[in-house]
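Structural overview for review
Residue strings, one per chain:
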Amino acid sequence: MDQIRHMLSISKEPHSYYRAQIDTEAGGKNNLEMELPEGEALEPSTISDLTDLITRKPRNRTKALMLVVLGSLLLLVIVFLLGYVASHSSCSTCPEDSTECMAVVNEMEDSWQDTYYSSQTVLHLNDLRTMLNKNINKSHITNTIRVMSQESHPSGSAELHKLDDYVLNKFHSYKLNHVWTDSHYVTLPIPDSSSPNNLWIMDSRGVIQKKILPLDQDSYLAYSPSGNITGGLVYGHYGRQEDFNQLKALGVNVQDNIVLIRIGKISFAEKVTTAQEHGAIGVLLYPDPIDIPQSPRGNSPPRTTTFYGHVHLGTGDPFTPGFPSFNHTQFPPVESSALPRIPALTINANTASNLIGYMGGNHVPSNWRGGFQYFVKYVLGPEFSHPSLKLQMGVYRRMVPTMISNIFASIEGFIEPDRYIIIGAQRDAWGPGAAKSGVGTAILLELAHSLSEMVLNGFRPRRSILFASWDAGEYGSIGATEWLEGYMSLMHLKTVAYFSLDRAVLGDDLLVAQSSPLLHQLIEKVLKQVESPNQGAQSLYSQISSRYPNFKEKIIQHLTMDSSAYPFTAFAGIPAMEINYREFDQNYPFLNTKFDTFDRLNWKLNNRLADFSGVLAEIIGQMVIKLSHSKLLPLNYHAYSEVILKYIMQLHMLSQELKSRGLTAQWLFSARGDLVRAAERLTNLIRSSDHGEERLIRIYNNKIMRVEFYFLSQYVSVTDTPFRHILQGRGNHTLEELCRHFNMLQLDPSRFDENIFRRQLALVTWTLQGAANALSGDVWSVDNNF
């Protein structure tokens, strides 16, 4: 029998050649060369096969050579696959820059997370986008907006109860996994019809000189205390902190006077609270024509229009702060510290111009003048044109116990059903509420319908999707906040993200996202995949970035307290976003008025309400699909390091002043550094891990989805300081308040309190250090030796 004489391996870059030389029975020699990639050796079985091939008779030599070639090709494929797997499971050093680290994670998401397997077909992420766009029905959206905005439907009203049934029936018809309601018992303020509000100009003897009429008794500021006060009148511009600082610099006394403030820039509650802090005894809010166009022709509200809202500087039921208002709650009576102590009243533009006409004092700064300037002179007050005159203001309301109902539905996840992505919209409205709540509710129902249809056609979301229709949103996100308070112990453990649909379409010019930084990268990526309703065949991202090169600064904004997304982040520590279309240079003029109807909103959008509502449904839908589908959650856990750095740089600018007082912010700087390193370490772990190991993916996702929660201060009371987030919340424990207090060293050293500052610095530092420790992992991986 023939034997292999020898096997030679001749290195010839980039390959190796293997030559087998065989002694035959006839004394001849057979040779065979075989090429394989560098570094690979022939297996013994392969050598045996080659021996068989070479020693066959000549008539089989051609066939043998063909088999060798096929075997070589097979080996090449096997080696290529082995090399690919080895390269993807190897660990390489992640770049130090956090943006590059996140880019690495995003590449991993795109490479191994965009495929779904159903029993019939394979669905890729592009397939799901196509399915979503096909299922979103714009006519369904517009029909629902019409239904939801036919008349005023405040909480507790018969009109809202009819809409409750409408939403419930819709959810049931979509074949969702679960549909249920959640009720709370809250205390809501309403106008006291037996004691109407009043504004009177009085003389020094208390005699009424003029009654300011008419006042709209149905439009009011919820949670303003009742009261009857008398004082001078000060013009306060927008009622911001800087406006009151300027009044002080101009020598205008706010103490014991009423302040007239324009609507805009900040919330009603912030205006009233700031005026109260500066010693005012009452507040009047009005719409200035320069901020909100007003016209009798119908394209804007008439000048007799009064705007409504609430003045509680918080969310939820202010009479059960920090805990849920379930019927069985037996807590003693308590009030939120964020309730105002001074009365506030909303008036129309005509009433405001009449009052300004009676005022005296110096002229306002030129940039404070409003839309009355052609026939009314803007002056500062507080005196009237006649020294003996004062303004008397009466505000009256009564409190009514009311049952409110949130309505829910869900699509249960197929792999991680205990992880939720939540979409929510306010359902109630004091007026017709087309823009305030109608569009959001319509998009919510259409997404529930579209995503449920996708499930019927093969979509298998990894995580659960919840749809929430909130009650009592007009009073400050009461329905959403009470639900969060009721399930506070588990929400941060189970909820990945929340998306608010409130006020979704207010214009057709500018897309704005108020958002947690963890979601910034996600919205940016999705906007690159959604077609602009204004520029056909161009993505929204391309349209926006061509107009605003600095995309994030113009489009991405901080969460504000008047959004239902705010308590999810600031109170519960859950990444949240509210996204809407707006006008570029002005507010939607009918919002928060009785003129907020479908026809006016559609007219304002040039009869394209359906188009813009459909685009927003697509944007939210794509983000929900991405979050419910991806193995690795696409939340940018590196984002907060940049936000913190901006605050730290403010402290660094006055580091010498701190040092002179025996203080230092070095521990805060070190805590931020630990957070950055912990995020980089997590990125490296993820990249070097086996992507098919579900246990590891679950561990990593738990860390990622709880990053927001890590920024809730554990050192303040949830009942006294509900918004505990040090970057998104409110209170002395926040980084913003720390820097504001710190700046008093330059602006007004007499107001700087070193003891308070030390406490603020400690609270912020240890909350930040706690976030770094939690992201680092096990206690033996944490180093707190500064």
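Up top you'll find the structure we're talking about.
Below or above, wherever it landed, is the structure these notes cover. (Residues numbered from 1 in each chain as written. Predicted model: local features only at pLDDT ≥ 70, side-chain atom pairs only at ≥ 80, totals over all residues. Heavy atoms only, no water.)

In terms of regular secondary structure, the protein is built from 25 helices and 23 strands. The buried share among the 786 residues of the protein stands at 57%. In the protein, the proportion of contacts linking residues at least 24 apart, taken out of those at least 6 apart, comes to 76%. If you sum the accessible surface of the protein, you get close to 34,100 Å²; carbon and sulfur atoms cover 51% of it. (Helix = DSSP H or I, 4+ residues; strand = E, 2+ residues; numbered from the N terminus. Buried < 20%, exposed > 50% of the residue type's maximum accessible area, 1.4 Å probe, protein only. Contact = heavy atoms within 4.5 Å. Areas by Shrake-Rupley, 256 points an atom, 1.4 Å probe, with all protein chains shown as cover.)

A few words on the packing of aromatic side chains. Inspection of the entire model under this criterion finds 24 aromatic pairs. An angle of 70° between the planes, with centres 5.5 Å apart, marks the rings of Tyr235 and Tyr378 as edge-to-face. Linking Tyr235 in strand 11 (residues 233-235) with Tyr378 in the loop between helix 9 (349-358) and strand 16 (390-395), this pair joins segments that are 143 residues apart in sequence. Taking 6.4 Å as the distance between ring centres and 50° as the angle between the ring planes, the aromatic pair formed by Trp470 and Tyr498 counts as tilted. (Phe/Tyr/Trp six-rings, centres within 6.5 Å; stacked < 30°, edge-to-face > 60°.)

Among the secondary structure elements, Met649 is positioned in helix 19 (residues 639-653). For Met649, a relative accessible area of 43% gives the class partly exposed.

What follows is about the packing of helix 13 (residues 520-527) against helix 18 (residues 609-629). Where helix 13 meets helix 18, the axes come as close as 10 Å, and the angle between the chain directions of the two elements is 120°. Classified by the interaxial angle, the pair formed by helix 13 and helix 18 is oblique. Crossing angle aside, the handedness with which helix 13 passes helix 18 is right-handed. Residue-level contacts link Leu522, Ile523, Val526 and Leu527 of helix 13 to Ile619, Gln622, Met623, Lys626 and Leu627 of helix 18. Of the residues belonging to the contact of helix 13 with helix 18, the class tally is seven nonpolar, one polar and one charged. (Axes fitted to C-alpha atoms, helices over the stretch in contact; angles between N-to-C directions. Parallel < 35°, antiparallel > 145°, perpendicular 65-115°, else oblique. Left-handed = near helix turned anticlockwise from the far one by under 90°. Nonpolar A, V, L, I, M, F, W, Y, C, P; charged D, E, K, R; others polar.)

So, on to unusual backbone geometry. Going from Leu213 to Pro214, the amide bond is cis rather than trans, its omega being -5°. With respect to the helices and strands, Pro214 occurs in the loop between strand 8 (208-211) and strand 9 (221-222). Omega for the peptide link from Gly381 to Pro382 comes to 5°, which places this bond in the cis form. Residue position: Pro382 is located in the loop between helix 9 and strand 16. Residue Ser477 is not a glycine yet carries a positive backbone phi of 50°. Ser477 sits in the buried class, given a relative accessible area of 7%.

All right, on to the pattern of salt bridges then. A full pass over the atoms with the stated rule returns 26 salt bridges. A salt bridge links Glu270 to Arg730, with the nearest nitrogen and oxygen atoms 3.6 Å apart. With Glu270 in helix 8 (residues 268-277) and Arg730 in the loop between helix 23 (707-710) and helix 24 (735-747), the pair connects residues that are 460 residues apart, well separated along the chain. Note on Glu270: relative accessible area 24%, which makes it partly exposed. When its relative accessible area of 36% is taken as the criterion, Arg730 is described as partly exposed. Measuring nitrogen to oxygen at the nearest pair gives 2.6 Å for the salt bridge that ties Arg677 to Asp674. (Salt bridge = Lys/Arg side-chain N within 4 Å of Asp/Glu carboxyl O.)

The subject of this paragraph is empty space enclosed by the protein. Picture a little ball the size of a water molecule; that probe, rolled over the atoms, points out where space is still empty. What the rule picks out here adds up to five cavities of 30 Å³ or more. What the largest cavity holds in volume is close to 80 Å³. Asn197, Tyr220, Leu221, Val395 and Arg397 are, among the 14 residues lining the largest cavity, the residues nearest its centre. Among the secondary structure elements, those contributing two or more residues to the lining of the largest cavity are strand 6 (178-191), strand 9 and strand 15 (344-346). Per element, the largest residue contribution to the lining of the largest cavity is three residues, and it comes from strand 15. (1 Å grid on protein atoms, 1.4 Å probe; cavity = no way out; pocket = protein on both sides within 12 Å on 5 of 7 lines; lining within 4 Å. Points joined across faces, edges and corners; volume = space filled by probe spheres on them.)

A separate point is the nonpolar core. Phe171, Leu451, Phe467, Phe499, Ile619 and Phe711 are the most contacted members of the largest nonpolar core, which has 121 residues in total. For this core, the leading source of residues is helix 10 (residues 434-456), giving 12 residues. For Phe499, the residues in contact, after removing those within four places along its chain, are Ile421, Ile422, Ile423, Gly424, Leu519, Met577, Ile620, Met623, Val624 and Leu627. Membership of the second largest hydrophobic core comes to 51 residues, among which are Leu199, Val254, Ile263 and Ala344. (Core = buried A, V, L, I, M, F, W, Y, C linked by side-chain atoms within 4.5 Å.)

Here four strands make up an open sheet; going across it, the order is 11-12-13-15 and the pairing parallel. Each having just a single partner strand, strand 11 and strand 15 make up the two edges of the open sheet. The average undirected angle you get between the axes of adjacent strands in this sheet is 25°. Note that strand 13 (residues 282-286) and strand 15 share three bridges and pair parallel. Within the sheet, the bridge partner assigned to Leu284 lies in strand 15 and is Leu345. The sheet contacts of helix 8 involve strand 12 (258-262), strand 13 and strand 15, and relative to strand 13 the element is tilted by about 145°. With respect to the sheet, helix 9 is in contact with strand 11, strand 12 and strand 13, its orientation differing from that of strand 13 by roughly 125°. (Pairing = 2+ DSSP bridges.)

Below, the discussion takes up the pairing of strand 17 (residues 397-411). Pairing geometry for strand 6 and strand 17, over 14 bridges, is antiparallel. Its bridge partner being in strand 17, Leu188 is matched across the sheet by Val400. Pairing of strand 17 with strand 19 (residues 463-470), which is carried by five bridges, proceeds in the antiparallel orientation. Bridged to Ile411 within strand 19 is Ile465.

What follows covers the sheet that holds strand 19. One open sheet accounts for eight strands, arranged 6-17-19-18-20-23-21-22; its pairing is mixed. Looking at strand neighbours, the two that pair on one side only are strand 6 and strand 22 (556-557), the edges of this open sheet. By the bridge criterion, six bridges tie strand 21 (residues 510-515) to strand 23 (residues 576-582) in an arrangement that is antiparallel. Paired with Leu511 across the bridge in strand 23 is Tyr581. Contacts between helix 11 (residues 478-486) and the sheet are confined to strand 6, strand 17, strand 18 (416-426) and strand 19, with strand 6 contributing the most and set at about 120° to the helix. Docked against the sheet, helix 22 (residues 694-705) engages strand 18, strand 19 and strand 20 (495-500), running at close to 30° with respect to strand 18.

Helix 11 sits mainly inside the fold: eight of its nine residues count as buried. Listing the buried residues of helix 11 in full gives Ile478, Gly479, Ala480, Thr481, Glu482, Trp483, Leu484 and Glu485. At its buried positions, helix 11 is contacted by strand 6, strand 17, strand 18, strand 19, helix 12 (488-494) and helix 16 (565-570).

An ideal rise of 1.5 Å per residue puts 22 Å on 16 residues; helix 6 (residues 158-173) measures up with 23 Å between its terminal C-alpha atoms. Every buried residue belonging to helix 6 is among Leu160, Leu163, Asp164, Val167 and Phe171, and all of these are buried. Buried residues in helix 6, looked at end-on, bunch into an arc of 115°, giving them a common side. Among the exposed residues of helix 6, those pointing more than 90 degrees away from its buried face are Ala158, Lys162, Asn169 and His172. Buried residues along helix 6 sit against helix 5 (138-148), strand 6, strand 17, helix 10 and strand 19. Within two residues after helix 6, Lys175 carries a phi angle of roughly 60°, on the positive side. (Expected span 1.5 Å × (residues − 1). Arc of directions from axis to C-beta.)

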